[in-house]
Amino acid sequence: MWPFICQFIEKLFRETIEPAVRGAHTHLSTFSFTRVDVGQQPLRINGVKVYTENVDKRQIILDLQISFVGNCEIDLEIKRYFCRAGVQSIQIHGTMRVILEPLIGDMPLVGALSIFFLRKPLLEINWTGLTNLLDIPGLNGLSDTIILDIISNYLVLPNRITVPLVSEVQIAQLRFPIPKGVLRIHFIEAQDLQGKDTYLKGLVKGKSDPYGVIRVGNQIFQSKVIKENLSPKWNEVYEALVYEHPGQELEIELFDEDPDKDDFLGSLMIDLIEVEKERLLDEWFTLDEVLRGKLHLKLEWLTLMPDASNLEKVLTDIRADKDQANDGLSSSLLILYLDSARNLPSGKKIYSNPNPLVQMSVGHKAQESKIRYKTNEPVWEENFTFFIHNPKRQELEVEVKDEQHQCCLGNLRIPLSQLLSCEDMTLNRRFQLSNSGPNSSLKMKLALRVLHLEKQERSPDHQHSAQVKRPSVSKEGRKISVRSHMSPSPGTGDSCTAPSTPVIGGCDNKPGVEERAQPAEASLQGPRDLGRSSSSLQAGSTGSPSHVSIKEPTPSIASDISLPVATQELRQRLRQLENGTTLGQSPLGQIQLTVRHSSQRNKLVVVVHSCRNLIAFSEDGSDPYVRLYLLPDKRRSGRRKTHVSKKTLNPVFDQSFDFSVSLPDVQRRTLDVAVKNSGGFLSKDKGLLGKVLVGLASEELAKGWTQWYDLTEDGTRPHVVT
């Protein structure tokens, strides 16, 4: 088959990839492949696994261990810049899942097949002329690592290739996959970690600055860093979609943050089948691949319910207060299939076809479709999911835009409460677009599913004896399954309270050795989520601390949007300052900002002028600086920082920053401003001085304003000072 597969690959490169690259950027309009030859060495299948348990009888699930080492000749050029580059060889190793479904009573017996990777495959590409390629405008922000990460993530769930084999098969049904469940991960604390930091050229042993990287498929979360602590308490919560739990694991790695290369502190891998069986696990786990260290996790398996019978209880359990319609733990999941649009209007130029894309948002969370070029009848066939805090109060906002001219082609709003009364909580139809052409419409399928934690009926003397998959992932990829005997604490429906103290069984080298857990002291913060995206993290090989090239903590959905530890420290410092006296209306001081949107530059402009009456972190005052995010984007690339002003409580910055964003988009977003203390080298006087969240929905944004804002511990309830 290999020669015919090669023909398909060449066709894919020339007819699909080449036009997409040309349309992606004006600088790439002359991009072309001059040669596509993937070589004579065929792809090898080293092993096949067929699942016979926990599968639907109308499907066949295969896992193929594939290996491809090919001497390729793929040459490309960009004529405009006289640039030539190429690929000399490609290696790819990983587990590819093939699902044959539905099985039918006529030949060929299988209606369609779906192909994807369960987790990111090992990918190596030997480039030629890559340096010249990355010097081109529009590509200079990329690197070899980022390119490999983009390609790898495209191959992993929820991305999949679906091939219909029978014309009568409802292919749209296969392209609307419902997740098997949602895994809620309470990343609580660790104990007895190794101290990796040293001083005076290794003569003095120090502690570690631990953080965790959590993976479920291609979903990656990174915790905050706890400075100088071998028993850190994170108390963070994340939610991950699980599409294929046979063979899929929860992978956790701990690292010590360092300026150059982060040190490895241990790993853990848990089979999700075990979590689904138990529904709730609240346990301590011994870390693998290190001499010592334990990790405390609480894992909840949430079932997707197609009716609203349990919604009220779920909303009560997660404390879905009416004042927090967009933030906190999720009560439900919105699954959206974007099919196509019809009769879209022209862009700014009459009689010209637009380059349409669709932006969808629920609360602070926004997602975007791919761009379809030069058409007013675009077909997307893309899937999206949104975690929903309270469907009774939230709505889906959809806007169709012309990417070329950055103008709106139509929009619509759908209250999610509308889905609660629909059959199977599903809508599948064409929606008429507002502010568009007279017959412009958008075809979508929407499904709402309530996230329900099913309680297991157990006898009082029930002992959980789970085959928890905790492999030691060496270079050879060996997996060691260890039996863990544990007695979980009784679960409560309240996801925002501290877990009760569990009695744990250690999984040391000696089986059957039991240890006593230390009590979990810190309780989780109230729900304050402004995003769950973690796509900027890049994973590499296990055990390599440099696997994250852009280290950005993922905002926890059950802690403050700033570091909860910093907020607690700030409140404690406030109580010390108060010392029996009444503080003024602005106990943390104030910050002066100018905020406006420039329509000519299509940018939000923020000027940080100055602060006054900040609190002192030491006898010498504070070393303040200001950090900005345009929520929900909390990636490193979206961060803006002023210079540090030394030993002052009234710093003057007068620095201007901008964010590339359109006016309709920015009015749905929030400016996150934090004043922080820098501190010196090895200084403990680092932390939060105060925050403010600036809403940008005002109609005055185009004109702009200059105002003083009160700083608070968490940025909520900002008080504007005239």
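By convention here, each chain's residues receive numbers from 1 onward along its written sequence. In keeping with the predicted nature of the model, local features appear solely for residues at pLDDT of at least 70, side-chain atom pairs appear and are counted solely at 80 or more, and the whole-chain, interface and lining totals rest on all residues. No hydrogens and no water enter the side-chain calculation; it runs on all heavy atoms of the structure.

J.: Would you explain the pattern of salt bridges in this entry?
T.: Oppositely charged side chains may form a pair once their charged atoms are brought near each other. The working definition used for a salt bridge is a side-chain nitrogen of Lys or Arg within 4 Å of a carboxyl oxygen of Asp or Glu. Summed over all chains, the structure comprises 27 salt bridges. A salt bridge links aspartate 37 to arginine 35; the nearest nitrogen and oxygen atoms lie 3.5 Å apart. Only protein chains enter the accessibility calculation, which uses a 1.4 Å probe; a residue is then buried when its area is under 20% of its type maximum, exposed when over 50%, and partly exposed in between. Take arginine 35: its relative accessible area is 36%, and that puts it in the partly exposed class. Among the ionic pairs, arginine 669 bridges to aspartate 665, the shortest N-O distance being 3.5 Å. We classify arginine 669 as buried; its relative accessible area is 18%. Several salt bridges converge on common partners, so that one network encompasses Glu395, Glu397, Glu399, Arg413, Asp665, Arg668 and Arg669.

J.: Would you mind showing me how to read the sheet that holds strand β33 (residues 640-641) here?
T.: Two modes of strand pairing occur in sheets, parallel and antiparallel, and in both the strands are linked by backbone hydrogen bonds. At least two DSSP bridges between two strands are needed for those strands to be called paired. Going along the chain from the N terminus, every DSSP run of H or I of four or more residues is numbered as a helix, and every run of E of two or more is numbered as a strand. Spatial strand order, β33-β32-β35-β36: four strands in an open sheet with antiparallel pairing. Each end of this open sheet is capped by a strand with a single partner; those strands are β33 and β36 (687-695). One ladder, built from eight bridges, connects strand β32 (residues 624-631) with strand β35 (residues 670-677); its direction is antiparallel. Across the sheet, residue proline 624 finds its bridge partner in β35, namely asparagine 677.

J.: How do you make sense of the pairing of strand β31 (residues 603-612) when you look at a structure like this?
T.: Residues in a regular strand point their side chains to alternate faces of the sheet. Across the ten residues of β31, eight count as buried, placing the element largely inside the fold. If you look at the hairpin formed by strand β30 (residues 590-598) and β31, you'll find four residues sitting between the two strands, and asparagine 602 has a positive phi there, around 60 degrees.

J.: I'm lost on the side chain of serine 340 in this one. Help?
T.: Along the polypeptide, serine 340 turns up in strand β18 (residues 332-342). Whenever a nitrogen or oxygen atom comes within 3.5 Å of another N or O atom, the pair is scored as a polar contact, on the condition that within protein one atom can donate a hydrogen and the other can accept it, and that pairs from neighbouring residues in sequence are kept only if both atoms are in side chains. Here the side chain of serine 340 touches arginine 430 through a polar contact of 3.2 Å, side chain to side chain. By definition in these notes, contact holds between two residues if any of their heavy atoms fall within 4.5 Å. The contacts of serine 340, once residues within four sequence positions are left out, are Pro378, Val379, Trp380, Arg430, Ser441, Leu442 and Lys443.

J.: I'm lost on the environment of isoleucine 45 in this one. Help?
T.: With respect to the helices and strands, the residue isoleucine 45 is situated in strand β2 (residues 44-50). A relative accessible area of 48% places isoleucine 45 in the partly exposed class. Along the primary structure isoleucine 45 and isoleucine 66 are separated by 21 residues, whereas in three dimensions their C-alpha atoms are 4.6 Å apart. Residues in contact with isoleucine 45, not counting those within four places in the same chain, are Leu64, Gln65 and Ile66.

J.: Before we go on, may I ask you to explain the packing of aromatic side chains in this structure?
T.: In this description, an aromatic ring pair is defined by two values, namely the gap between the centres and the angle between the planes. Pairing of aromatic rings covers Phe, Tyr and the six-membered ring of Trp, with a centre-to-centre limit of 6.5 Å; geometry is then stacked below 30 degrees between planes, edge-to-face above 60, and tilted otherwise. Per the counting criterion, the structure on display carries seven aromatic pairs. Ring geometry for phenylalanine 13 against phenylalanine 33: centres 5.1 Å apart, planes inclined by 75 degrees, an arrangement best described as edge-to-face. You can see phenylalanine 13 sitting in helix α1 (residues 2-24) and its partner phenylalanine 33 sitting in strand β1 (residues 31-37), a full 20 residues away along the chain. Its relative accessible area of 17% is what places phenylalanine 13 among the buried residues. The interplanar angle of 35 degrees and the centroid separation of 4.5 Å between the aromatic rings of phenylalanine 187 and tryptophan 234 together place this pair among those described as tilted. Note that phenylalanine 187 is positioned in strand β8 (residues 181-191) and tryptophan 234 in strand β13 (residues 233-242), a separation of 47 residues in sequence. According to the relative accessible area criterion, phenylalanine 187 is buried, its value standing at 0%. Take tryptophan 234: its relative accessible area is 1%, and that puts it in the buried class. A network of ring pairs unites the aromatic residues Phe13, Phe31 and Phe33 as a single cluster.

J.: How do you make sense of the sheet that holds strand β19 (residues 356-362) when you look at a structure like this?
T.: Strand order in the open sheet formed by four strands is β20-β19-β22-β23, and the pairing between neighbours is antiparallel. Every other strand in the sheet has two partners, leaving β20 (365-368) and β23 (407-415) as the edge strands with one partner each. Here the strands of the sheet are splayed against their neighbours by 15 degrees on average, with no regard to which way each runs. Examined bridge by bridge, strand β22 (residues 395-402) and β23 share eight bridges and lie antiparallel to one another. Residue valine 398 lies in a different strand from β23, and its bridge partner there is leucine 412. The axes are straight lines fitted to the C-alpha atoms, using for helices just the contacting stretch, and the angles between their N-to-C directions are given from 0 to 180°.

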